[in-house]
Every structure is written in structure tokens, then in C-alpha cells.
Amino acid sequence: MTKTPGAQPVLTPRDWEAHPSYIYPGYKSTGKRGPQKPLIPLKASLGELQQPVYGHDSIGAFDHDLTRNARVNGEPLGERMILTGQVLDERRRPVANTLVELWQANASGRYVHKVDQHDAPLDPNFLGAGRCLTDSEGRYRFLTIKPGAYPWGNHPNAWRPQHIHLSLFGQSFASRLVTQMYFPGDPLLQYDPMVTGTPERYRNRLIADFSLDITEEGYALGYQFDMVLRGADETPFENR
Amino acid sequence: MPLMTAQAADFGQTPSQTVGPYFAYGLTATQYGYNFNQPFDAVLALDTASGQRIRLEGRVIDGDGNTIHDALIEISQPDGEGRYPQTPDEARALGFRAFGRVGTGTDAQHRFVFHTVKPGAQAPGEAPHINVIVLMRGLLLHAFTRVYFSDEAEANAKDAVLQSVPADRRHTLIAERIEQGGAVTYRFDIRMQGADETAFFDV
């Protein structure tokens, strides 16, 4: 049932340079919410190395297809897009059969969320939530609608760049990642504190690549966004 | 065609971003009343699960002392015998999911409330504990902490991780046991900042 401690892999360390700091003055909400005391080092043991178990039956046939999974009386409005890529670990090994969850605004930049007060229309045929499992090569694929930009109250004339939220686990509780994917060439990227809070060297990792190969003729534009998680640093010892 | 994609030019860990305020319909749709299901919820243990039934509840508190109503809490723990199911079939057989997820937006007091069992120890020398991930608007990288139990003083005193926490901060990791009418609740508030800032770990 549980693996023996000797068979536990050691995770590659978190790359603190690539992640934003907890407190980033440009993003106001971090001021009262980000931890201020130093983190305490903890070597991952059995508990942190467990991957959540979920029923594959909780993933519906159209959960990966946001153009279909919330239809009421027609197709959602907006620019259809395919979002696909690989989930990999730092040695470029695919992370297979892992859950990828996604949520986003609709084409006009409005979330279905009750708290979203933006004066832009909701789309009766679009929820903006989806999920899928990666395949044996770590690939995931969503069909969705390109989200719109929207204003927010962080600073004067603040607009979020178009983006899609992604949540994934990888191989363990300790490799958990929640991130946002942005679009190439978006003029708002330079003004957004969530983007600029990420060290400049690593911002490209948040921006998808437009791909004509993924684009489907006459149907949907294609974007590739690979995600890289911490992985096992050592090959687990196995008794044979 | 570019010779190399922007991503491939700089291979490495994908930076974390905040979960933002709008996760509810994506990650916790059923809890918040959206028309979408969710793969994890606040119930980790069915009636058949091994271990003592407990509620784990608490608030998430910001640097001004305000209760945060848009936080998302995820927990991971073994069952009462220290077991983690490795497959959905094992989870069904044990009646135990080992993983839970709940937002603080639907409880009247903006608490997180989990229904689970008290975990068994996972390895010799380790005190029983629950692993916790905290996500919210304004938190650019999720915070990781642990819940230990107030009625496990002896085991806590021997737990290497707990003992690695400065003595004056250990109390921030101890959930308080409350027994009412035979039901056991452990209360665990998570303080993001201040004198009693919860000890968060770099795992």
C-alpha cells in the first residue's frame, strides 16, 4: 500500500530564482498576505511525495473542451483556440497521467465568478472551466475561447493581460504548481505586476508560443505551452 | 518559423502565479454552486475509513487580522493507519481519499472545514500531521505548512520537522482539540503575517 521509505525519490529543489517573491509592492494584495518570515527548510518525506488520487470517472467527456462543456443554446462567442503542450520534469521526462485544471475569463474579459463586477457581458454558453489528464507523453490539450483582457483595481488604469489559469500537481504534493499562461505579443504584459513580479529572466516561461502546426485550418488558432515541474533527482532504489 | 520557441530557449521550472480571486468555478465548482463538478472536496473519509473521525477547521488571517474569504486550502494526509491510497481503486476500498480541497468563501464564518480522520503516523519518529497548501489572491506562490495535534505532545516532542521549527513558533503548527457531544474538532488558524505568523516550509 505505502511505499517503503527507501524507495522514495528525492525531489529537485524549488528554483527560488524563477518564482516571484511573496511580497511584491507592485501587486498590492501581496502586502498583507505574503509570508514575511523566512521559510523553514523541510526535506520531503513520505507525505509530501504522495500524488493526490482522483477518480478518472470525475473527468467528463467534454471537460477538456470549453467550447462544448457549458453550451446552453449555441456556441460560445470569441476566437476559438487550442491550448496544448507537455508537462515535463526538469530532466525533460514527461509527467504522464497527471491532472491539469484550467479556468479563465470569456472572450469579453468577464469571469462567471460572482465576485467579478466587470461591466462586460457574460456568455451563456461559456463557463471557462476545464480539466484533463496528461497522456503517456505528458501531453495535455484543451479547446477553448481566447480570453479577453479586463480591468482590475490594483492601480490606475490597471488591466490584466489575456491569460489562462492552470493548476497541476505533477508527481507529488510537493511539486504542486498553480500558474498563469499569457499570450505572445500582448502589449499589457509589461504593465502587469503579476507578470513583472516574476524575475525578468524567467518571464518567457509564462508565455505560450503561437503555433501554425497546432492551428487547425478554418477552425481554431493553436498555442503551445509546456509546463516544467520539479521532478525526482535520484532514481528510486528498487528491490528486484 | 523561429529556430527555437520562446519556451524552449529557457528550459526550467515554470514560475508560480497567484490562484487569483476567481478559482471557485474552476477548482471548487460544486462547493460554490457552479454547474461543473470537482474532483476533490472537503470530505476525505467515508464511513468505512479507518481512524477517528475529526473535523479540521480554521480561518486564514491576513496581516491586518482580517479573515480571508477567498483562500483555497488543500490538505493531504494518510488514514488512521498511516496509509495513503495509491490508486482510485485503493481509495474506494479504504473509503479514504487522502486529499481534500475547500475554499473559504462559502462558510458563514469564512472558515475552511474538512471532514476526515485523525491521521496515523507515517514513519517511525514522525508525529501524526496533515500537509497543507494555502493559495489565494495576493499569494504569488502557494504556502506549505503542517497541522500537528494538541493531544500528541509526546510524539510532537520527538518529531524532527516540528523540532526544526524555532521553539517560539511551534505553537503555530499545533491544532487545538475541541470535543463537543462526542464529536472531535481540531481548530487550526493560518496567520499569513504578524507575531504569530504560521511557520511555512520550503519543501
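Residues numbered from 1 in each chain as written. Chains lettered and ligands numbered in written order. Predicted model: local features only at pLDDT ≥ 70, side-chain atom pairs only at ≥ 80, totals over all residues. Heavy atoms only, no water.

1. Examining the overall build of chain A
Item 1. In terms of helices and strands, chain A carries two helices and twelve strands.
Item 2. Along the chain direction, N to C, the helices and strands of chain A fall in the order α-β-β-β-β-β-β-β-β-β-α-β-β-β.
Item 3. Relative to a compact globule of 240 residues, whose C-alpha radius of gyration would be 18 Å, chain A shows 19 Å and is just as compact.
Item 4. If one aligns the C-alpha atoms of chain A with their principal axes, the spans along those axes are about 60 × 40 × 35 Å.
Item 5. Counting across all 240 residues of chain A, residues that qualify as buried make up 55%.
Item 6. The long-range fraction of contacts in chain A, counting pairs at least 24 apart against all pairs at least 6 apart in sequence, stands at 71%.
Item 7. Of the roughly 10700 Å² of accessible surface on chain A, 52% is carried by carbon and sulfur atoms. (Helix = DSSP H or I, 4+ residues; strand = E, 2+ residues; numbered from the N terminus. Rg over C-alpha atoms; globule rule 2.2 N^0.38 Å. Buried < 20%, exposed > 50% of the residue type's maximum accessible area, 1.4 Å probe, protein only. Contact = heavy atoms within 4.5 Å. Areas by Shrake-Rupley, 256 points an atom, 1.4 Å probe, with all protein chains shown as cover.)

2. Points about the environment of Ala232(A)
Item 1. Here Ala232(A) shows up in the segment after β12 (227-229).
Item 2. Beyond its immediate sequence surroundings of up to four residues, Ala232(A) is in contact with Pro9(A), Val10(A), Leu11(A), Thr12(A), Asp89(A), Arg91(A), Arg93(A) and Gln171(A).

3. Quick look at the environment of Gly26(B)
Item 1. Along the polypeptide, Gly26(B) turns up in helix α1 (residues 24-27).
Item 2. With relative accessibility at 1%, the residue Gly26(B) sits in the buried group.
Item 3. Considering only alpha carbons, one finds Gly26(B) and Asn37(B), eleven residues apart in sequence, at a separation of 9.0 Å.
Item 4. Among residues more than four places away in sequence, those in contact with Gly26(B) are Glu101(A), Trp103(A), Ala129(A), Arg131(A) and Phe36(B).

4. Some points on the pairing of strand β7 (residues 143-149) of chain B
In summary, the side chains of a regular strand alternate between the two faces of the sheet.
Residues and elements named next belong to chain B.
Item 1. Burial runs high along β7: seven of the seven residues are buried.
Item 2. Neither face of β7 is exposed, since Ala143, Thr145, Val147 and Phe149 on one face and Phe144, Arg146 and Tyr148 on the opposite face are all buried.
Item 3. As paired elements, strand β6 (residues 130-136) and β7 share five bridges and run antiparallel to each other. Bridge assignment links Val132 to a residue of β7, and that residue is Thr145.
Item 4. Here β7 pairs with strand β8 (residues 174-180) via two bridges, running parallel. If you follow Tyr148 over to β8, its bridge partner there is Ile174. (Pairing = 2+ DSSP bridges.)

5. What to know about the sheet that holds strand β4 (residues 129-133) of chain A
Sheet strands pair by backbone hydrogen bonding; their relative direction is either parallel or antiparallel.
Residue and element names in this part refer to chain A.
Item 1. An order of β4-β3-β8-β9 is seen for the four strands of this open sheet, with the pairing classed as antiparallel. This sheet does not close on itself; its edge strands, each paired only once, are β4 and β9 (177-182). Averaged over all pairs of adjacent strands, the angle between strand axes in this sheet comes to 20°, irrespective of strand direction.
Item 2. For strand β3 (residues 99-104) and strand β8 (residues 163-168), the ladder comprises five bridges, and the chain directions are antiparallel. When the sheet's bridge partners are listed, Glu101 is paired in β8 with Ser167. (Axes fitted to C-alpha atoms, helices over the stretch in contact; angles between N-to-C directions.)

6. Comments concerning the interface of chain A and chain B
When the parts of a complex come together, some accessible area is lost, and that lost area is often used as the size of the interface.
Item 1. Taken residue by residue, the interface counts 92 residues in chain A and 82 residues in chain B.
Item 2. Together chain A and chain B conceal approximately 7900 Å² of surface at their shared face, both sides included; 57% is due to carbon and sulfur atoms.
Item 3. Across the chain A-chain B interface, the total number found is six salt bridges.
Item 4. In this structure, Glu101(A) engages Arg101(B) in a salt bridge whose closest nitrogen and oxygen atoms are separated by 2.8 Å. (Buried area = accessible area lost by both parts, 1.4 Å probe. Salt bridge = Lys/Arg side-chain N within 4 Å of Asp/Glu carboxyl O.)

7. Details of the UniProt feature "domain: Intradiol ring-cleavage dioxygenases" (unreviewed entry) in chain B
Item 1. Under the UniProt annotation, "domain: Intradiol ring-cleavage dioxygenases" (unreviewed entry) lies at residues 56-84 of chain B.
Item 2. Along residues 56-84 of chain B, the helical share is 0% and the strand share 38%, with 18 Å between the first and last C-alpha atoms. (UniProt positions renumbered as here; feature names shortened; annotations may be inferred.)

8. Things to note about empty space enclosed by the protein
Gaps between atoms show up when a probe of the same size as a water molecule is rolled over them.
Item 1. The tally for this structure, following the rule as stated, stands at four cavities of 30 Å³ or more.
Item 2. Of the pockets and cavities examined, the largest cavity occupies roughly 100 Å³.
Item 3. Arg14(A), His142(B), Phe144(B), Phe201(B) and Val203(B) are, among the 15 residues lining the largest cavity, the residues nearest its centre.
Item 4. Counting residues per element, the ones that place at least two in the lining of the largest cavity are β7 and β11 (201-202) of chain B.
Item 5. Classifying every residue of the lining of the largest cavity gives eleven nonpolar, one polar and three charged.
Item 6. The computed volume of the second largest cavity comes to approximately 60 Å³.
Item 7. Every residue along the wall of the second largest cavity is listed here: Arg14(A), His19(A), Ser175(A), Arg176(A), Leu177(A), Val228(A), Leu229(A), Arg230(A), Gln13(B) and Thr14(B).
Item 8. For the lining of the second largest cavity, a count of residues per class yields three nonpolar, four polar and three charged. (1 Å grid on protein atoms, 1.4 Å probe; cavity = no way out; pocket = protein on both sides within 12 Å on 5 of 7 lines; lining within 4 Å. Points joined across faces, edges and corners; volume = space filled by probe spheres on them. Nonpolar A, V, L, I, M, F, W, Y, C, P; charged D, E, K, R; others polar.)

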